[in-house]
Amino acid sequence: MAESDRRLPVSLIVAGLVAIAVVSMVVDRRGVIERGREFPAWLGSLLDIAAPVQDAVAMPFEAVRDTWSGYISLLHVKLQNDTLQREVARLSEENLQLREALVASGRLQRIADMRKHYEVPMLPAELVGVDASPWFRSVLVDRGRDRGVLSGMPVISEKGLVGLVTATSRHSAKAMLVLDRQTSVDGVIQRSRSRGTVRGRGSDELEFEFVARNSDVRVNDLVITSGLGGVYPKGLFIGTISEVSDPGTQLMRRATIQPAVDFGRLEQVFVMLRRGPTMELLYSTQVGDESPPSESAGPPS
Amino acid sequence: MKRTLLILLIGIAAPVLQGALNTFVPARFTPDLAFLVVIGLGLYWRSTAGGLVLAATLGFAADLLSGSLLGQQALLRLLAFGAARSASGHLNLRGAVPQSFFVVGLTALNALGVATLNVFFTAGGGFDLVMLRDLLSHALLNALFAFPVSRLVEAVATAFGDDEGARRALRLTPRVRSI
């Protein structure tokens, strides 16, 4: 009797904790789909504490890496400098000629207007931590809600698409990389305009699943965002096709993409401070609104 | 209380520090220290109820720092704690070798759990070859670090004196005198 009395609370605690975990997952999933995850202060405090701690811990490692890469870079810097100066001269000349051509055709003003329309303010952010679990690919950056970062904002680097902000606290934010298994992005082959879905595989490569089985795709084709998902703006560089599989009897044609961004060396990113139309529509929906858009059942893509 | 706080500190500091380290080393080449702390709790923590609450708390902390859904790793940590607790009652897991084998198995189950929950709750795919490749290196590293981490948990579990024993002695002493 005494033993069963002692066991009862444990079984109740197990049931309670399991229920809390499951309910928490369901609520969090709804949050991801419907309104973004802007953590309240009490919940986000761990992220806010983790960011500077991770930054401090990484500092000595970064110093060693920077010193080493700086030394290696120095060996090539003279040659690179000469090449770049020649390239700058060539591009300046080309730019001048293009401007002349545009002015001549009267399109410059229209292009300037278009740029104003599409130009998105970007916030530079330092990557301070990477997911400790090998089963998820997310990063922690040192900019949060106090700097205007919100869930659903795209994250890029100077080389291309990095991922999407999935949760924010006051001073930091969590971004899911395109490499993560939960990520999918609508992409297009720049050369042939063949469209498909780019999916993370959890590895350092991406998978491109084409809409049409007879899509025109070749190795070294460039893949960019199509803008159709309404999450990422059109034209962000995703990567280069490294392998094309024979569709065989399968319905879909698949290819492997080498991402443009070297995620192993990623240090600084830019958060695009404007959400795509789909994310804006989903996340600006008030909590308790009974009629969320039907597309929200899927993950951000 | 001190022991609980110390374990919480260790269990939360582990993923934070690992997060910083993983900017240089891929996660699959590092052990999951917070997961190993939970296994250590299952093996050595005296109170099952307290251990369960600790395991869930550490899981939620890992969820906050990770790309998982809030509660996903908490649920798996509860299962890991339960498995370690149950196994320690039937097997001798005090040695480094049996502990390593046990941790390899539990790491594989944890990966399967992640994949299963991903299929149910997110758009993430199930268990695949990439996951299997990552699992091999990750499980091996977990096995290598399992023993030292569980010894650390054992040391914390027995540190700061034995509170329960002390309380029992205080209650019993007057009874003996009254008789």
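What you are looking at is a predicted structure, and each value in this text was computed from that prediction instead of being measured.

Parameters at a glance
- Residues numbered from 1 in each chain as written.
- Chains lettered and ligands numbered in written order.
- Predicted model: local features only at pLDDT ≥ 70, side-chain atom pairs only at ≥ 80, totals over all residues.
- Heavy atoms only, no water.
- Contact = heavy atoms within 4.5 Å.
- Buried area = accessible area lost by both parts, 1.4 Å probe.
- Salt bridge = Lys/Arg side-chain N within 4 Å of Asp/Glu carboxyl O.
- Polar contact = N/O pair within 3.5 Å; in protein donor to acceptor, adjacent residues only side chain to side chain.
- Helix = DSSP H or I, 4+ residues; strand = E, 2+ residues; numbered from the N terminus.
- Nonpolar A, V, L, I, M, F, W, Y, C, P; charged D, E, K, R; others polar.
- Pairing = 2+ DSSP bridges.
- Domains from an automatic or database assignment.
- pLDDT = per-residue confidence, 0-100.
- Buried < 20%, exposed > 50% of the residue type's maximum accessible area, 1.4 Å probe, protein only.

So, on to the interface of chain A and chain B. Facing the 48 residues of chain A at the interface are 51 residues of chain B. Both faces considered, chain A and chain B share a buried interface measuring about 4200 Å² in area, 72% of it formed by carbon and sulfur atoms. Of all residues in chain A, A:Met25, A:Trp135 and A:Arg181 give up the largest surface area on contact with chain B, accounting jointly for 19% of the area buried on that side. Across the contact surface, chain A and chain B share one salt bridge. A salt bridge links B:Asp128 to A:Arg181, with the nearest nitrogen and oxygen atoms 3.6 Å apart. Inspection of the region where chain A meets chain B yields 13 residue pairs in polar contact (both at pLDDT 80 or more). For the side of chain A that touches chain B, the element with the highest residue contribution is helix H1 (residues 2-34) of chain A, accounting for 14 residues. Counted by class, the side of chain A that touches chain B contains 29 nonpolar, nine polar and 10 charged residues.

Residue and element names in this part refer to chain A. The pairing of strand E1 (residues 122-130) with strand E12 (residues 268-272) spans five bridges and is antiparallel. Each residue of the ladder has a partner; that of leucine 123, found in E12, is valine 271. Here two bridges tie strand E3 (residues 154-157) to E12, and the two strands are oriented antiparallel to one another. Residue pairing for E12: isoleucine 156 is matched across the bridge by phenylalanine 270.

Residue and element names in this part refer to chain A. Looking at chain A, the domain boundaries give domain 1 (2-68) and domain 2 (122-293). Computed from C-alpha coordinates alone, the two centres of domain 1 and domain 2 are separated by 24 Å. Domain 1 puts 18 residues into the contact, and the matching count from domain 2 is 20 residues. Buried surface at the junction of domain 1 and domain 2, both sides included, amounts to about 1700 Å², of which 49% is carbon and sulfur. For domain 1, the biggest contributors to the area lost against domain 2 are Arg37, Glu38 and Leu47; these three give 29% of the whole. Taken together, the links from domain 1 to domain 2 amount to zero salt bridges. Of all the elements in the fold, those that place two or more residues in the side of domain 1 that touches domain 2 are H1 and helix H2 (41-105). For the side of domain 1 that touches domain 2, the leading source of residues is H2, giving nine residues. Here the residues of the side of domain 1 that touches domain 2 sort into six nonpolar, four polar and eight charged.

Right, let's talk about the confidence of the model for chain A for a bit. All names here are of chain A. Scored by pLDDT, chain A has a mean of 79; 85% of the residues are at 70 or more. Between the elements of chain A, mean pLDDT differs from a low of 57, seen in helix H3 (residues 108-118), to a high of 92, seen in strand E5 (residues 173-177). When the criterion is pLDDT under 50, residues 286-301 qualifies, and its contacts beyond four places in sequence or with other chains add up to 24 contacts.

This part is about the side chain of B:Arg85. As for its position among the elements, B:Arg85 is in helix H4 (residues 72-90). In this structure B:Arg85 comes out as buried when scored by relative accessible area, which is 18%.

Further remarks concern the pairing of E3(A). Residue and element names in this part refer to chain A. The alternating pattern of E3 places Pro154 and Ile156 on one face and Val155 and Ser157 on the opposite face, and all of these are buried. Pairing between E3 and strand E4 (residues 160-168): four bridges, direction antiparallel. Its bridge partner lying in E4, valine 155 is registered against glycine 163. With antiparallel pairing between neighbouring strands as the criterion, E3 and E4 make up a hairpin whose turn holds two residues.

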